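# Coordinates in review
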Amino acid sequence: MSNLGLRNKVLVFPFETDFSYVALVPQKDMALQAFTLCLRVATELPEERQIILFAYRTSDYDELNVWREKDGRVSFYMSGDGTFYHLPPLSTFRTSLCLTWESRTGLAAFWVEGKRSTYQVYKPGHSIRPKGTVLLGQDPDKHLGGLEATQSFVGELTDLNMWDFVLSRSLIQAWHYGHKIPKGNIFDWATIKYELSGNVMVVDDD
């Protein structure tokens, strides 16, 4: 059963489980040569535990997975080895987090509170494949099988938006401050199509 739109709403994942997640339905095919992914995240989970922040998987590959690693670094993986960043720690207070990548140059960076990390070059020439599943809260190891509680997300997620191009610094900063910017053409939080499973609450963002 699909729901539409999460404007002024927050997803709360209150417990560590291997069955609670939110599936997101993209507005267009996720065959991507570039992207910007933004979300606001808060968690009480301790540093020494992996946390999945975003998972997009096709039948054979983790196409785009974003993690907080056991050592506190934040990483992302596209079909194989990942790339890792030392960012300010995620905490019980909301962090605005964006990730940008483009295939042409391989330039990849995280943005925290509107500030960019050092660029890394990661998988130039790569393409993200379409026809997969996007999950929040769990890492689908086998295309919606093999969920693990010890990797699950516990905390709050809101304002997730995704574009099939790299947003400029000024637009990422505008998003961080809550200003109006062009809607995400893959995911737009205000109109996002989603399905809840397990213990996930949709609450007002007050």
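Going by the annotation in an unreviewed UniProt entry, the name recorded for the protein is Pentraxin family member, with Austrofundulus limnaeus given as the source organism. The Subunit (unreviewed entry) field of the UniProt record for the protein holds the comment "Homopentamer. Pentaxin (or pentraxin) have a discoid arrangement of 5 non-covalently bound subunits." According to its UniProt record, the protein has this under Sequence similarities (unreviewed entry): "Belongs to the pentraxin family."

Moving on, we get to the packing of aromatic side chains. Two descriptors summarise a pair of aromatic rings, namely the distance from one centre to the other and the angle between the planes of the rings. What the rule picks out here adds up to seven aromatic pairs. Between F35 and W101, the aromatic rings sit 6.0 Å apart at their centres with planes inclined by 35°, giving tilted as the arrangement. One end of the pair, F35, is in strand β4 (residues 34-42); the other, W101, is in strand β9 (residues 95-102), with 66 residues separating them in the sequence. Across this residue pair, the class does not change: F35 and W101 are buried. Considering the side-chain rings of F76 and Y122, the 4.9 Å spacing of their centres and the 75° angle between planes classify their relative orientation as edge-to-face. Taken together, the positions of F76 in strand β7 (residues 74-77) and Y122 in the loop between β12 (120-121) and β13 (133-136) put the pair 46 residues apart, joining distant regions of the chain. Judged by relative accessible area, which is 0%, F76 ranks as buried. The exposure class of Y122 is buried, given its relative accessible area of 6%. Through successive ring pairs, a cluster of aromatic residues spans F35, F76, Y85, W101, F110 and Y122. Directly above the aromatic system of Y119 lies the positively charged group of R116, at a separation of 3.8 Å from the ring centroid. We note R129 situated over the ring of Y61; from NZ or CZ to the ring centre the distance is 4.1 Å.

Cut-offs used in this document
- Residues numbered from 1 in each chain as written.
- Predicted model: local features only at pLDDT ≥ 70, side-chain atom pairs only at ≥ 80, totals over all residues.
- Heavy atoms only, no water.
- UniProt positions renumbered as here; feature names shortened; annotations may be inferred.
- Phe/Tyr/Trp six-rings, centres within 6.5 Å; stacked < 30°, edge-to-face > 60°.
- Helix = DSSP H or I, 4+ residues; strand = E, 2+ residues; numbered from the N terminus.
- Buried < 20%, exposed > 50% of the residue type's maximum accessible area, 1.4 Å probe, protein only.
- Lys NZ or Arg CZ within 6 Å of the ring centre and 35° of its normal.

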